[in-house]
Structures are given as structure tokens and as C-alpha cells.
Amino acid sequence: MTPAVLLFRLLVFNFVIGDPLKRLSLCIFWMLVICASILCFYKISKDDKTERILLRKYYHLVAVLMFVPALAFQPEFLDLAFGAALAVFLTLEIIRVCRIWPLGHLVHQFMNAFTDHRDSYIFIVRNA
């Protein structure tokens, strides 16, 4: 590992623990919302009767739940979180599109439940 990568990791770690009560509490809140959302979305995606527009509205509700506390209490931390989330979503999209074993098929199946005629077959990169 290069010294630049180590320095970057150290700076990010120091930033996260710099205000531990607010930032780590926000991370725990985000993880709880994400876990609950994945469980709910997974249940809903198994049910073919649920309208896709309702699924997307639920997604927007989750986004508001996650962004409003961060905007109110830790806007600088939200910048870092956006970058990390973008990296995770891009990685998952690459795994899904390339069907990388063992997660590729599962991620594709999960995401396919939220698509409709406006989506491309390969890439799912659009807002509601």
C-alpha cells in the first residue's frame, strides 16, 4: 500500500472520529435505515402485485430519512458519505452488469424488481 493511500485512510478515519458523537451516531442511524430498507425492499420485490411507482416513492422516503438529519447536523460529513455511497453503488452496478459470481445474479434479480419499460436492459441509471 502506498503512503498516499495510507495518508488518505488516516485523514478519513480522523475526520470520522473527529466528532464521534454526531458522526458515528449518524453512521449507525444510516446503517439501521439501510438494513431495514433492504429487508423491506426485498420483501416488496418478491410481491409482483406491488406497483413499481410505489416502490420508487418508498425509495424517495428512505432517501429523505437519510439525508435530512445529515444536512441538518453534519453537512461536511454528508460530502464524504456521498462519495462512499457512489463507490458502493458503482461497484454493485458493475457486479450486476458483468454478472460477477456470486453476487451478480442476486443483485440483478433484486434490481430488476424496480425497473419498468423506461429502463435500459443493461444499465439502470435513472431517477424515479
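Residues numbered from 1 in each chain as written. Predicted model: local features only at pLDDT ≥ 70, side-chain atom pairs only at ≥ 80, totals over all residues. Heavy atoms only, no water.

Visitor: Hey, could you run me through helix 4 (residues 75–98) in this one?
Guide: What sets the pattern is the α-helix's 3.6 residues per turn: residues three or four places apart point alike. Over its 24 residues, helix 4 extends 35 Å from the first C-alpha to the last, a length consistent with the 34 Å expected when each residue adds 1.5 Å. Positioned one or two residues after helix 4, R99 has a phi angle of 50°, which is positive. (Helix = DSSP H or I, 4+ residues; strand = E, 2+ residues; numbered from the N terminus. Expected span 1.5 Å × (residues − 1).)

Visitor: Looking at this structure, I do not really get a nonpolar patch on the surface. What am I missing?
Guide: Residues M1, V5 and L6 make up a contiguous nonpolar surface patch of about 300 Å² in total accessible area. Along the chain, the position of V5 falls in helix 1 (residues 3–18). (Patch = residues over 30% accessible without salt bridge, like charges linked within 9 Å, V, L, I, M, F, W, Y side chains within 5 Å. Areas by Shrake-Rupley, 256 points an atom, 1.4 Å probe, with all protein chains shown as cover. Salt bridge = Lys/Arg side-chain N within 4 Å of Asp/Glu carboxyl O.)

Visitor: Any chance you could explain the UniProt feature "transmembrane region" (unreviewed entry) in the protein here in plain terms?
Guide: With numbering aligned to this structure, UniProt lists the feature "transmembrane region" (unreviewed entry) at residues 28–45, 57–74 and 80–101. Along residues 57–74 one finds 94% helix and 0% strand; the C-alpha atoms at either end are 25 Å apart. Between the C-alpha atoms that bound residues 80–101 the distance is 29 Å, and the span itself is 86% helix and 0% strand. (UniProt positions renumbered as here; feature names shortened; annotations may be inferred.)

Visitor: Would you take a moment to explain unusual backbone geometry for this structure?
Guide: Across the chain, the bulk of peptide bonds are trans and the bulk of non-glycine residues have phi less than zero. Cis geometry marks the peptide bond from W101 to P102; its omega dihedral reads 5°. Assignment of secondary structure puts P102 in the loop between helix 4 and helix 5 (104–112). Located in the positive-phi region is R99, a residue other than glycine, with phi close to 50°. Locating R99 in the fold gives a position in the loop between helix 4 and helix 5.

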